[in-house]
Amino acid sequence: MQTTAAACVGASLSPFISVGQPSDPSVRIGLIGVGSRGTSHLRGLLQRDDVEIPAVCDTKSDNLTRAQDLVQQSGRSRPDGYGSGNRAYRDLIQREDLDGVIVATPWLWHVPMAVEAMEEGKFVGLEVPAATTVEGCWDLVHTAERTGSHCMFLENVCYR
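The model shown is predicted, which means the values in this text are computed figures rather than measured ones. (Residues numbered from 1 in each chain as written. Predicted model: local features only at pLDDT ≥ 70, side-chain atom pairs only at ≥ 80, totals over all residues. Heavy atoms only, no water.)

## Digging into the environment of D50
Okay, so step 1: Note that D50 resides in the loop between α2 (36-45) and β2 (51-57).
Okay, so step 2: Accessibility expressed as a relative area gives 30% for D50, which makes it partly exposed.
Okay, so step 3: Distance from D50 to P25, taken between C-alpha atoms, is 6.6 Å for residues 25 residues apart in sequence.
Okay, so step 4: Those residues within four positions of D50 in sequence are excluded, and the remaining contacts are P25, S26 and V27.
Okay, so step 5: A polar contact is formed between the side chain of D50 and the side chain of R48, at a distance of 2.8 Å. (Helix = DSSP H or I, 4+ residues; strand = E, 2+ residues; numbered from the N terminus. Buried < 20%, exposed > 50% of the residue type's maximum accessible area, 1.4 Å probe, protein only. Contact = heavy atoms within 4.5 Å. Polar contact = N/O pair within 3.5 Å; in protein donor to acceptor, adjacent residues only side chain to side chain.)

This is the structure:
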């Protein structure tokens, strides 16, 4: 399931890769929230040769260090870590070297993090529930439409 989610995020970026032009074929993903679910996504992404993980974010230092160690143990460069406070994710999403982010945080943070990431031009893989209010759902829709960024819900239960 994680491999499929990673492939879908990568495929959603394909319109931005110029055909016939030399380009880097890899997708650069940052992860916001690398607790249990976020680490599951990270492990799936690390199985792919065409995915880079330049940055990870978590407010819990144990989670952050574990995620950085996993990336480094996979033979890749150790990602930058963001974890100083509830708004540390903002520094991650402002990075120019990310194509997209995966948000696997507590539900309360899903809408604001996804909206801010799309505002920064990032594609978003968003854990569910994506929003807990109808207003939050519309915020996601309107932001995606206005910015042209994609927001994919990472729901897999209905596909089993």
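## Comments concerning the packing of aromatic side chains
Okay, so step 1: This structure, assessed with the given rule, holds one aromatic pair.
Okay, so step 2: Taken together, a centroid distance of 6.1 Å and an interplanar angle of 70° make the contact between Y89 and W109 edge-to-face. Taken as a pair, Y89 in helix α4 (residues 89-93) and W109 in the loop between β4 (100-103) and α5 (110-119) lie far apart in primary sequence, 20 residues in all.
Okay, so step 3: The class of Y89 is buried, set by a relative accessible area of 1%. (Phe/Tyr/Trp six-rings, centres within 6.5 Å; stacked < 30°, edge-to-face > 60°.)

## Points about helix α3 (residues 61-73)
Okay, so step 1: With 13 residues, α3 extends 18 Å from end C-alpha to end C-alpha; this agrees with the ideal 18 Å at 1.5 Å per step.
Okay, so step 2: Every buried residue of α3 is accounted for by N63, L64, A67, Q68, L70 and V71. One side of α3 carries all its buried residues, which in axial view fall inside an arc of 160°. Turned more than 90 degrees away from the buried face of α3, the exposed residues are S61, D62 and Q73.
Okay, so step 3: Residues of α3 that are buried make contact with α2, β2 and β3 (80-82).
Okay, so step 4: Two residues or fewer after α3 comes G75, characterised by a positive phi angle close to 95°. (Expected span 1.5 Å × (residues − 1). Arc of directions from axis to C-beta.)

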